[in-house]
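The primary structure of each chain is shown beneath.
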Amino acid sequence: MGFYSIENIQLMKRFPELAPDLYQSYIAFSKAVLSEGHLTRKEKEIIAVAVSHATECPYCIDFHTKKAKKAGASLEELFEAVMTAAAIEAGGAYAHRTQMHRAYDGKLAESFYSRDDLANINTLQDLSPEIQQTARAFFSKASEEGKLTAKLKQLIAVAVAHTSECPYCIAAHTAEAKNEGCSKEELAEAVMTAALLRSGGAVTHAVNMLQSYEQSSEE
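Conventions we followed
- Residues numbered from 1 in each chain as written.
- Predicted model: local features only at pLDDT ≥ 70, side-chain atom pairs only at ≥ 80, totals over all residues.
- Heavy atoms only, no water.
- Helix = DSSP H or I, 4+ residues; strand = E, 2+ residues; numbered from the N terminus.
- Buried < 20%, exposed > 50% of the residue type's maximum accessible area, 1.4 Å probe, protein only.
- Contact = heavy atoms within 4.5 Å.
- Areas by Shrake-Rupley, 256 points an atom, 1.4 Å probe, with all protein chains shown as cover.
- Lys, Arg positive; Asp, Glu negative; His and termini not counted.
- Charge placed at Lys NZ, Arg CZ, Asp CG, Glu CD.
- UniProt positions renumbered as here; feature names shortened; annotations may be inferred.
- Salt bridge = Lys/Arg side-chain N within 4 Å of Asp/Glu carboxyl O.
- Expected span 1.5 Å × (residues − 1).
- Disulfide = S-S within 2.5 Å.

### Section: the overall build of the protein
Piece 1. A count of helices and strands for the protein gives 12 helices and 0 strands.
Piece 2. In the protein, the succession of helices and strands from N to C terminus is α-α-α-α-α-α-α-α-α-α-α-α.
Piece 3. Its C-alpha atoms put the protein at 55 × 45 × 30 Å along the principal axes.
Piece 4. For the protein, buried positions account for 39% of its 219 residues.
Piece 5. Within the protein, contacts between residues separated by at least 24 positions form 75% of all contacts whose residues are at least 6 apart in sequence.
Piece 6. Of the accessible surface of the protein, which amounts to about 12700 Å², a share of 58% is contributed by carbon and sulfur atoms.
Piece 7. The average position of the 22 basic charges and that of the 29 acidic charges among the side chains of the protein differ by 4 Å.

Pasting the structure below:
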């Protein structure tokens, strides 16, 4: 059986017996986060698909793609969500160049992250004009209205930014989300969807742990 064999999922049936109360607490958390609230189930599942691509968990991608489809999401909507996640992942690396410059020049500030960095990122002279222009065009295009609304894309952006733990992305896209009309409650539910996916990837990968544990006992 391979590391990501479909049969691995069957091992999840053993989870309740390994830590009954703890596992049921996780299931209750999962149901609460994904239930209809300030965001619809469809919106939450679309966010979940985007975040699962950022966490690179094949189990989560498979599970939440099917859930999103059942909730009414189209393939085009899901692909836009994934591309929005890709833009945020790329944007985090793009923004963190400010840290690289400080380290390279030996000019570390009192804090690694300064809000002034957001204003200075695009003035750095370390990229070719082609890379700079195409990167910024990609980031901008990823935020535009398409099959998904600009508002939902910003909710995805904030969720993925919390997943990648990029303070620059969190700050920039929270501001843009607010401009698109997102409430604190909607943002909080998007962030908790990301939190669930982070935990869900860890929980689901326990099937790999079980597989490895049992194989080692047989040797």
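Now that the structure has been shown, the text picks up again.
### Considerations on the UniProt feature "domain: Carboxymuconolactone decarboxylase-like" (unreviewed entry) in the protein
Piece 1. As annotated by UniProt and renumbered to match this structure, "domain: Carboxymuconolactone decarboxylase-like" (unreviewed entry) occupies residues 20–94 and 129–210.
Piece 2. In the segment residues 20–94, helix accounts for 84% and strand for 0%; the C-alpha atoms at its two ends are 43 Å apart.
Piece 3. The span residues 129–210 is 84% helix and 0% strand, and its two end C-alpha atoms sit 50 Å from each other.

### Some details on the side chain of Thr193
Piece 1. Here Thr193 is to be found in helix H11 (residues 184–204).
Piece 2. Under the relative-accessibility criterion, Thr193 is labelled buried at 0%.
Piece 3. Apart from residues no more than four positions distant in its own chain, Thr193 is found in contact with Val33, Leu34, Lys44, Ile47 and Ala48.

### Notes on the pattern of salt bridges
Piece 1. Under the defined criterion, the tally for this structure stands at 11 salt bridges.
Piece 2. The residue Arg14 makes a salt bridge to Glu214 at a minimum N-O spacing of 2.1 Å. Placement of Arg14 in the segment before helix H1 (15–18) and of Glu214 in helix H12 (residues 206–218) is noted, with a sequence separation of 200 residues between them.
Piece 3. Overall, Glu214 belongs to the partly exposed group, its relative accessible area being 30%.
Piece 4. For Glu186, the salt bridge identified is with Lys151, shortest N-O distance 3.0 Å. Taken together, the residues Glu186 in helix H11 and Lys151 in helix H9 (residues 150–164) connect sequence positions 35 residues apart.
Piece 5. The class of Lys151 is partly exposed, set by a relative accessible area of 27%.
Piece 6. Each member of the salt-bridge network shares a partner with another, and the members are Arg14, Glu17 and Glu214.

### What to know about helix H3 (residues 41–55)
Piece 1. Taking 1.5 Å of rise per residue, 15 residues should cover 21 Å, and H3 covers 20 Å from first to last C-alpha, within 8% of that figure.
Piece 2. Burial in H3 covers these residues: Lys44, Glu45, Ile46, Ile47, Ala48, Val49, Ala50, Val51, Ser52 and Ala54.
Piece 3. In this structure, the buried residues of H3 make contact with helix H2 (20–34), helix H4 (58–70), helix H5 (75–95), H9 and H11.
Piece 4. Taken from the residues just after H3, Glu56 is the one with a positive phi, measuring 60 degrees.

### What to know about H11
Piece 1. Counted at 1.5 Å a residue, the expected span for H11 with its 21 residues is 30 Å, and the 30 Å between its end C-alpha atoms agrees.
Piece 2. Burial in H11 covers these residues: Glu186, Leu187, Glu189, Ala190, Thr193, Ala194, Leu196, Leu197, Gly200, Gly201 and Thr204.

### Quick notes on the state of the cysteines
Piece 1. Taken as a whole and judged by the stated rule, the model has 0 disulfides.
Piece 2. No disulfide involves Cys60; its sulfur sits 3.1 Å from that of Cys57, the nearest cysteine.
Piece 3. With no disulfide partner, Cys169 has as its closest neighbouring cysteine sulfur the one in Cys166, 3.1 Å distant.
Piece 4. Accessibility expressed as a relative area gives 5% for Cys169, which makes it buried.

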